[in-house]
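Next come the chains, spelled out residue by residue.
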Amino acid sequence: MAGAGGCLGRQVAAAMVAVVVAAAAWCSGVAAELERFEQAINKADGSLTCLVVGDWGRKGTHNQSLVALQMGQVGETLDIDFVISTGDNFYSNGLTGVDDPAFQESFSSIYTAPSLQKQWYTVLGNHDYRGDVEAQLSPLLAALDNRWTCLRSFIVNAEFVDFFFVDTTPFVEKYFTEEDHTYDWSGVQPREAYLSNLLKDVDSALKESTAKWKIVVGHHTIRSAGHHGDTVELVAQLLPILEANNVDLYINGHDHCLEHISSPDSKLQFLTSGGGSKAWRGDVKPWNQEQLKLFYDGQGFVSLQITKTQIDVTYYDVFGDVLHKWSTSKPSFSSF
């Protein structure tokens, strides 16, 4: 027992040292390179497949369990390699700590299908920031469920595609002034330095990427006809970086719906997958119908099937029925 306690203590100590070092880098104004993970490509045909789900953590209620069931079935059919979560992982106020039973009740005990026992790459949403953020980032959660990978911002490299996960909540001004909710900003202060360094890191990483496909994932919308609409801070600060670096897809949650919006100014596509549980807001904003390829005000999820020359995107509802398909391709010799 003493040995186990000592091991746990060393894990906690190591995690604390990592947090201190990272905080020192941000506060000193020195940009820290985003952490990278390597995603193996194991299929004989060289393809990579994942599911994308967001705004889900409600202990199985609001059809979360039904969405999870369909994800398991589609995941088996497609032989997925991993899952992306677009944030708002635990409602309504994140986790209270690493021992919060909500981690099991909303994650481990819900996504039980064999096909979903793959790595989950996860970003934080605004509801996650209302709780103990460091709990979701803690390696102790990965010890409880080894699928769990959650950082503020990071990169997943997979040969011909790079995924850039961006912490979008600190960009939103109103969260720092509203009085109805309390947020855990302990890891992002001073905010101006944090955001400046993050934007520099993302821009630098995108410029250095030689992957055929570049996909950026964040919680908040950039373009959306849903309840929250566009996130003006991301339109002003992040979108120009994505366009300048020829990003192919921006994938988000936040609006509890499924959307596909094309850009009139570039090849960039905006994909919303925020239908992991509570949905049916009942409102949609006017939008150019040539750009709004899909708006579904309900629960569901998205699949991405990626090869060196093509991306196939499919949207599914809570029953597993296909709502929308879209594909894009590049010649095999093209680097962007």
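Treat the numbers as computed from the prediction; the structure is a model and nothing was measured. (Residues numbered from 1 in each chain as written. Predicted model: local features only at pLDDT ≥ 70, side-chain atom pairs only at ≥ 80, totals over all residues. Heavy atoms only, no water.)

Our next topic: the pattern of salt bridges. Counted according to the given criterion, the structure contains 10 salt bridges. Close ionic contact of D145 with R147 constitutes a salt bridge, the shortest N to O distance being 2.9 Å. We classify R147 as buried; its relative accessible area is 4%. Counted as one network, the salt bridges with shared partners bring together D248, K267 and K330. (Salt bridge = Lys/Arg side-chain N within 4 Å of Asp/Glu carboxyl O. Buried < 20%, exposed > 50% of the residue type's maximum accessible area, 1.4 Å probe, protein only.)

As a further point, take the packing of aromatic side chains. What the rule picks out here adds up to 24 aromatic pairs. Taken together, a centroid distance of 5.8 Å and an interplanar angle of 45° make the contact between F90 and W148 tilted. Taken together, the residues F90 in the loop between β3 (82-85) and α3 (102-108) and W148 in strand β5 (residues 148-150) connect sequence positions 58 residues apart. With a centroid separation of 4.7 Å and an interplanar angle of 50°, the aromatic rings of Y111 and W120 are classed as tilted. With relative accessibility at 0%, the residue Y111 sits in the buried group. (Phe/Tyr/Trp six-rings, centres within 6.5 Å; stacked < 30°, edge-to-face > 60°. Helix = DSSP H or I, 4+ residues; strand = E, 2+ residues; numbered from the N terminus.)

Within the secondary structure layout, I84 lies in strand β3. Using a relative accessible area of 0% as the deciding quantity, one classes I84 as buried. Between the C-alpha atom of I84 and that of Q119, which follows or precedes it by 35 residues, the distance is 8.5 Å.

Moving on to helix α2 (residues 64-78). The end-to-end C-alpha distance of α2, which contains 15 residues, comes to 21 Å, matching closely the 21 Å that a straight helix rising 1.5 Å per residue would cover. What α2 keeps buried is the set Q64, V67, A68, Q70, M71, G72, V74, G75 and L78. On its buried face, α2 sits against β2 (48-53), β3, α3, β4 (119-122), β13 (300-306) and β14 (310-317). (Expected span 1.5 Å × (residues − 1). Contact = heavy atoms within 4.5 Å.)

Right, let's talk about the nonpolar core for a bit. Within soluble globular proteins, side chains that are nonpolar generally end up buried alongside one another. M71, Y111, L242 and Y250 are the most contacted members of the largest nonpolar core, which totals 62 residues. Looking at this core, the elements with two or more residues in it are β2, α2, α3, α4 (133-137), β5, β7 (161-166), α6 (191-208) and α8 (239-244). With near-sequence residues (within four places) excluded, Y111 lies in contact with W56, Q64, A68, M71, S106, L116, Q117, W120 and R147. Membership of the second largest hydrophobic core comes to 32 residues, among which are L48, I84, L249 and I251. (Core = buried A, V, L, I, M, F, W, Y, C linked by side-chain atoms within 4.5 Å.)

It is worth spelling out the confidence of the model for the protein chain at this point. In the predicted model, the protein chain carries a mean pLDDT of 91, and 89% of its residues have values of at least 70. pLDDT under 50 marks residues 1-31. Its contacts with residues more than four places away, or in other chains, come to 19 contacts. (pLDDT = per-residue confidence, 0-100.)

All right, on to the side chain of S262 then. Of note, S262 is situated in strand β10 (residues 258-262). Exposure remark for S262: the relative accessible area of 10% places this residue in the buried category. Residues in contact with S262, not counting those within four places in the same chain, are L268, Q269, E290, Q291 and K293.

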